[in-house]
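Here is what each chain is made of, one letter per residue.
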Amino acid sequence: MWQITDNKQWPALEQQFEWVRVMASVPQDARHHAEGNVAVHTQMVLEQLQQLPAYGELSPQEQEIMWAAALLHDVEKYSTTVHEPDGRITSAGHARKGEMRARQILYRDIPAPFHIREEIAKLVRYHGLPLWAFDKKDPQKAVIMASLEVNTRLLAMLARADALGRICDDQADLLYRLDCFEELCRDNQCWGVPRAFANAAAKMNYLLKEGVSPDYVPYEQPLTQVIMMSGLPGAGKDTYVQQHYKEWPVISLDDIRRALKIAPTDKSGNGTVIQAAKEQAREYLRKGRSFVWNATNITRQMREQLTGLFFTYHAAVTIVYVEVPASRLLQQNSRREHVVPAAAMERLISKLEVPSLTEAHEVIWEVR
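Residues numbered from 1 in each chain as written. Predicted model: local features only at pLDDT ≥ 70, side-chain atom pairs only at ≥ 80, totals over all residues. Heavy atoms only, no water.

K.L.:
Go over the packing of aromatic side chains with me, naming the residues and quoting the values.
P.N.:
All chains considered together, the criterion is met by eight aromatic pairs. An angle of 65° between the planes, with centres 5.0 Å apart, marks the rings of tyrosine 245 and tryptophan 248 as edge-to-face. With centroids separated by 5.8 Å and ring planes inclined at 80°, the aromatic side chains of phenylalanine 291 and phenylalanine 310 adopt a geometry described as edge-to-face. Here phenylalanine 291 is found in strand β5 (residues 291–294), whereas its partner phenylalanine 310 is found in helix α17 (residues 300–312), with 19 residues between them in sequence. Since its relative accessible area comes to 0%, phenylalanine 310 is described here as buried. Clustering of aromatic rings is evident, with ring pairs tying together Tyr284, Phe291, Trp293 and Phe310. Sitting over the ring of tyrosine 206, lysine 141 keeps its end group 4.8 Å from the ring centre. For arginine 195, the ring lying beneath its charged end belongs to phenylalanine 197, and the centroid distance is 5.8 Å. (Phe/Tyr/Trp six-rings, centres within 6.5 Å; stacked < 30°, edge-to-face > 60°. Helix = DSSP H or I, 4+ residues; strand = E, 2+ residues; numbered from the N terminus. Buried < 20%, exposed > 50% of the residue type's maximum accessible area, 1.4 Å probe, protein only. Lys NZ or Arg CZ within 6 Å of the ring centre and 35° of its normal.)

Structure representation (structure tokens):
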């Protein structure tokens, strides 16, 4: 069974992990966290989590996942906390940054199996949603989309521990919000399970458009298929393409860059490479011809710029994410003809966002 550490006493955690030590130096707004700094709050959340009856009903591995998520849920408050001019203390964006930090820690520093790592990372990312779902523009879509990335039942459990593990005047309201979140998930068939759609086209139609029922099945079906590769350099994307799409046309940014003699560090040149690749893609899309787009595509923003183009031409998009353990990745990179410098590789790891089911018709996680 995987666990983040076998010694869960707070002094041992502080001694073992630098990111735990800094929590004591991060203040919180007294109106929402009268208990004190992030370290105090996190300890209270861990205590409350273990006292929840639902936590006791989990399997030992699920308990370890929840415990790690609770430990990491505010890991990026140290980098996002701001003292506002009006005296408030805020930490906007800490959940999104926390997801990425949790992924880095559990990929590189404390290696966890892929599915465990991603479950923890997504619990960190969405830990505030159960409390604020009804403040969203479209609460229904917010919970349905979240269910495609994280177990909403476990998410609500973490949020309950988060609400109980603090001293504030509105705790009763927070707990009421959690009950409403559960009902919202149940009403939308996504309590503890991903929301089911009639098919992939129905899913993407719902996610990409406003005012559409999740039960609606569009008559128009995709005209062609695009395979988008995603993964860190040296993970094995080229090998995967050779094994599974050998007969398909491949748009490779690396090949275009080398043909144009543009260095990877040349930012202005990279724009030229992208435009050349997009023009190739448009030619295939106009002809209704399926193809592979082979590049790192490690951030959601990078992928969305491309899927937006593909969707415009009514293509069905499959994202294939390829991953190997960090130690193996560095070994494979060192054996490549075009080695990525170590510092550049570290920067890429720090930016990694694993593709989710909300991004494409299909997502394949090829973890070796």
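Picking up after the structure, the text goes on.
K.L.:
So what's going on with the sheet that holds strand β6 (residues 315–323)? Residues and values would help.
P.N.:
Ordered by their spatial adjacency, five strands build an open sheet running β4-β5-β3-β6-β7, and the pairing between neighbours is parallel. In this open sheet, the two strands that pair with only one neighbour each are β4 (250–252) and β7 (362–367). In this sheet, neighbouring strand axes are inclined to one another by 20° on average, regardless of whether the strands run parallel or antiparallel. Judged from the six bridges that link them, β6 and β7 form a sheet pairing that is parallel. In the strand pairing of β7, glutamate 323 is matched with valine 367. (Pairing = 2+ DSSP bridges. Axes fitted to C-alpha atoms, helices over the stretch in contact; angles between N-to-C directions.)

K.L.:
Lay out helix α11 (residues 152–164) in plain terms, naming residues and giving numbers.
P.N.:
For α11, spanning 13 residues, the distance from its first C-alpha to its last is 18 Å, which sits close to the expected 18 Å at 1.5 Å a residue. Those residues of α11 that fall on the buried side of the exposure criterion are Thr152, Leu154, Leu155, Ala156, Met157, Leu158, Ala159, Ala161, Asp162 and Ala163. In this structure asparagine 151 caps α11, since a side-chain oxygen of it lies 2.9 Å from the backbone nitrogen of arginine 153. (Expected span 1.5 Å × (residues − 1). Polar contact = N/O pair within 3.5 Å; in protein donor to acceptor, adjacent residues only side chain to side chain.)

K.L.:
Tell me what's going on with the pattern of salt bridges, and back it up with residues and numbers.
P.N.:
In the structure shown here, the tally under the stated rule is 33 salt bridges. A salt bridge links glutamate 149 to lysine 122; its shortest N-O distance comes to 2.7 Å. A residue pair is termed long-range when its members are at least 10 positions apart, and glutamate 149 in the loop between α10 (139–147) and α11 and lysine 122 in helix α8 (residues 114–125) qualify at 27 residues. What makes glutamate 149 buried here is its relative accessible area of 15%. Looking at lysine 122, the relative accessible area reads 9%, which means it is buried. For the salt bridge of arginine 300 with glutamate 359, the shortest nitrogen-to-oxygen distance reads 4.0 Å. With arginine 300 in helix α17 and glutamate 359 in the loop between α19 (342–351) and β7, the pair connects residues that are 59 residues apart, well separated along the chain. Judged by relative accessible area, which is 6%, glutamate 359 ranks as buried. Here the residues in one salt-bridge network are Glu99, Arg103, Arg117, Glu118, Lys122, Arg125, Glu149, Arg300, Arg303, Glu304, Glu323 and Glu359, joined through shared partners. (Salt bridge = Lys/Arg side-chain N within 4 Å of Asp/Glu carboxyl O.)

K.L.:
Provide a residue-level description of unusual backbone geometry, including the pertinent values.
P.N.:
If you check the backbone angles, asparagine 297 has positive phi at about 45° while not being a glycine. Of note, asparagine 297 is situated in the loop between β5 and α17. Judged by relative accessible area, asparagine 297 falls into the buried class, the value being 3%. Look at histidine 314: it is not a glycine, yet its phi comes out positive at around 60°.

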